[in-house]
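Close look at the chain arrangement
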Amino acid sequence: MVRVSVGYGLSLVCMSAIPGAWRRTAAGAGLLSPDGAVAPTIFAEMSAAALRTGAINLGQGFPDEDGPAEVLEAAREAISHGMNQYPPGRGFADLLEAISEHQRRFYGLEVDPRTEVIVTAGATEALTATLLALIDSPDDEVVVFEPYYDSYAAAVALAGARLRTVPLRLPDFQPDLEVLAASVTDRTRIILVNDPHNPTGVVFSPDVKAEIIRLADRHDAVIVTDEVYEHLTFTAPHVPIATLPGAADRTLTISSGGKTFSATGWKIGWIHGPADLITAVLTVKQYLTYVNGSAFQPAIALGLRLPDSFFTDAAAALARKHEILAAGLRDAGFEVIAPQGGYFTVADASNLGGVDAAAFCRALPERAGVVAIPLDAFVSAERRGDYSGLVRFAACKRVDVLEEAARRLAAAQF
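Please read all numbers here as calculations on a predicted model, not as lab measurements.

**Remarks on the overall build of the chain**
Counting its regular elements, the chain contains 14 helices and 14 strands. A compact globule built from 414 residues would reach a C-alpha radius of gyration of about 22 Å, and the chain, at 21 Å, matches this within 12%. Dimensions of the chain along its principal axes, counting C-alpha atoms only, are 60 × 50 × 40 Å. Within the span of the chain, comprising 414 residues, buried residues form 56% of the whole. Here the contacts in the chain between residues at least 6 apart in sequence split such that 76% fall between residues at least 24 apart. Accessible area for the chain stands at about 16500 Å²; split by element, carbon and sulfur atoms hold 54% of it. Considering the chain, the positive charge centre built from 34 side chains and the negative charge centre built from 49 side chains are found 4 Å apart.

Below, the structure is given as structure tokens:
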């Protein structure tokens, strides 16, 4: 029986001491500079470089073209029909039903739309509310796979827990199962799994997923999955952990419509799982955004009910974009690590003098007219050397933009 409480995280929200508490944990996670100021990020720096130099920005992970016309039109219709005020706290009933239908249709999961799902302000809010709800004490640990999406460390710090990382190893970015087993202990409250994975593009193997479930059961941990790229896989199918034996009763599944429908700015996400865990998350979520996106919720509901062909075509189109980008990277001399899913391609710039990936990325706008992000921006300081030379490029752009980026990279002098 999994532990359920609305504990230390929620008490932090209510404590006047939260700024100091957060500062201590955030500093340890590398989110603040030594003087306590907000640490500047490589993401902001590289976006500014793109504007300054006119370089093609393949650093930021958002599309530059709109999603399906019928989804956009549904949002316009909702606005014109007056859906502009607060929706219900859990989300509009039709979207809750659509999420339940989607999980049954694609994965055979039975989700009660009344008690086992919440609509959130994107996947990031779902994750943050979950951590705040389920962290019981400052001794709790959250296990994540490294490299990790940058908001994870911030959310763990805000909840007052300890971040424990399991490295993903080259050449396939799968974790060592013995290292994973040693990292999960009785102090582990949450095992956080991003699958398909950002930034590496890996889809975790069946053995890895089975071991996560075994360890969660052994140590009475909650599995939290971030599955925002669920419909954007290329060489391996997406299999939610919640579908596997022994997982459903202790798994919270997070996703969103932003990536699937190229509407990242709408921030319509969701989380589903056992009703008691969902109730704990809702208790916190109501004090964050409360609700959001009234007019966008019916649009995402429509999107989730689109024919299967939409989802397969979207994955195929993104796979083709990765191929265009990869060809340019290879022509330039990069060693490309082909992704299994998601928006990003990782390439090794070591052969081009890019062992220091951060320095390489800072020079790339001037040298090639393209912006990228060093992979070590997604790892803790002590592990940056394990990912030297690796650079992340976003493939979620228009074909003509990627073709021009590929041309610039192939023509660059490294």
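Next comes the rest of the description.
**Some thoughts on the packing of helix α4 (residues 69-80) against helix α11 (residues 296-304)**
Remark: α4 packs on α11, axes separated minimally by 8 Å, with the N-to-C direction vectors making an angle of 150°. Comparing the axis directions of α4 and α11 gives the class roughly antiparallel. Seen along the crossing, α4 lies across α11 with a hand that is right-handed. In this structure, α4 uses E70, V71, A74, A75 and A78 to contact α11, whose residues at the interface are F296, P298, A299, L302 and G303.

**Considering the sheet that holds strand β4 (residues 162-169)**
Spatial ordering of the open sheet is given by β2-β9-β8-β7-β6-β3-β4-β5, a layout of eight strands whose pairing is mixed. Two strands lie at the open edges of the sheet, namely β2 (117-120) and β5 (174-175), each paired on one side alone. Pairing between strand β7 (residues 222-226) and strand β8 (residues 251-256): four bridges, direction parallel. The partner of T225 across the bridge, within β8, is T253.

**Notes on the packing of helix α6 (residues 122-134) against helix α7 (residues 151-159)**
Viewed as axis vectors pointing N to C, α6 and α7 meet at an angle of 30°, and their least axial separation amounts to 9 Å. Classified by the angle between their axes, α6 and α7 sit roughly parallel to one another. In this structure, α6 meets α7 at a crossing whose hand is right-handed. Each of T124, L127, T128, L131 and L132 in α6 lies in contact with α7, whose residues at this interface are S151, Y152, A155, V156, L158 and A159. Looking at the contact of α6 with α7, its residues break down into eight nonpolar, three polar and no charged.

**Brief notes about the pattern of salt bridges**
One pass over the structure, following the stated rule, counts 24 salt bridges. The partner of R164 in a salt bridge is E141, and the shortest N-O contact between them spans 3.5 Å. Placement of the pair is R164 in strand β4 and E141 in strand β3 (residues 141-146), with a sequence separation of 23 residues. Look at the salt bridges and you will find they share partners, linking D64, R398 and D400 into a network.

**Details of the layout of surface pockets**
For the second largest pocket, the calculated volume is near 580 Å³. Taken together, 28 residues line the second largest pocket, and the ones lying closest to its centre are G61, Y149, N198, Y229 and K259. Those elements giving two or more residues to the lining of the second largest pocket turn out to be α6, α7 and β8. The leading source of residues in the lining of the second largest pocket is α6, at four residues. Looking at side-chain class alone, the lining of the second largest pocket contains twelve nonpolar, eleven polar and five charged residues.

**Description of the sheet that holds strand β14 (residues 390-394)**
Spatial ordering of the open sheet is given by β10-β11-β14-β13, a layout of four strands whose pairing is antiparallel. Each of the sheet's edge strands pairs with one partner strand only, and the pair in question is β10 (335-337) and β13 (373-374). In this structure, strand β11 (residues 344-348) lies alongside β14, joined through five bridges in antiparallel fashion. When the sheet's bridge partners are listed, F344 is paired in β14 with A394. Here helix α12 (residues 308-332) sits on the sheet in contact with β10, β11 and β14, set at roughly 15° to β11. Of the strands in this sheet, β13 and β14 are in contact with helix α13 (residues 357-368), which crosses β14 at around 40°.

Reading guide: rules and limits
- Sequence positions are assigned chain by chain, starting from 1 and proceeding in written order.
- Local features are withheld for residues below a pLDDT of 70 in this predicted model, meaning they are given only at 70 or higher, and side-chain atom pairs are given and counted only at 80 or more; totals for whole chains, interfaces and linings count all residues.
- For side-chain calculations, the full set of non-hydrogen atoms in the structure is used, while hydrogens and water are omitted.
- By the criteria applied, helices consist of DSSP H or I runs no shorter than four residues and strands consist of E runs no shorter than two, each listed in order from the N terminus.
- We compute the radius of gyration over the C-alpha atoms and compare it with the globule rule, which gives 2.2 Å times the number of residues raised to the power 0.38.
- Buried, partly exposed and exposed residues are distinguished by accessible area as a fraction of the type maximum, computed with a 1.4 Å probe on protein chains only: under 20%, between the cut-offs, and over 50%, respectively.
- Contacts between residues were defined by any pair of non-hydrogen atoms, one from each residue, lying within 4.5 Å.
- Accessible surface is estimated by sampling points in the Shrake-Rupley manner with a 1.4 Å probe; for residues, cover comes only from the protein chains shown.
- Only four residue types enter the charge count, namely Lys and Arg as positive and Asp and Glu as negative; His and the chain termini do not.
- All charge positions are set by atom: Lys at NZ, Arg at CZ, Asp at CG, Glu at CD.
- Only C-alpha atoms enter the line fits that serve as axes; for helices the fit covers just the stretch in contact. Angles between N-to-C directions range over 0 to 180 degrees.
- Every angle not falling under 35 degrees, over 145, or within 65 to 115 is termed oblique; those three ranges are roughly parallel, roughly antiparallel and roughly perpendicular.
- Each helix crossing is assigned a hand: it is left-handed if the near helix lies turned anticlockwise from the far helix by less than a right angle, otherwise right-handed if that turn is clockwise.
- For two strands to count as paired, DSSP must find a minimum of two bridges between them.
- All residues other than Ala, Val, Leu, Ile, Met, Phe, Trp, Tyr, Cys, Pro, Asp, Glu, Lys and Arg, Gly among them, are scored as polar; the first ten of these are nonpolar and the last four charged.
- Each salt bridge in this description consists of a side-chain nitrogen of Lys or Arg and a carboxyl oxygen of Asp or Glu lying within 4 Å of one another.
- With a 1 Å grid spanning the protein atoms alone, the term cavity applies to any set of points in which a 1.4 Å probe fits but cannot get out, the term pocket to an open set with protein on both sides within 12 Å along at least five of seven lines, and the term lining residue to any residue with an atom within 4 Å of a point.
- Grid points are joined across faces, edges and corners, and a volume is the space filled by probe spheres set on the points.

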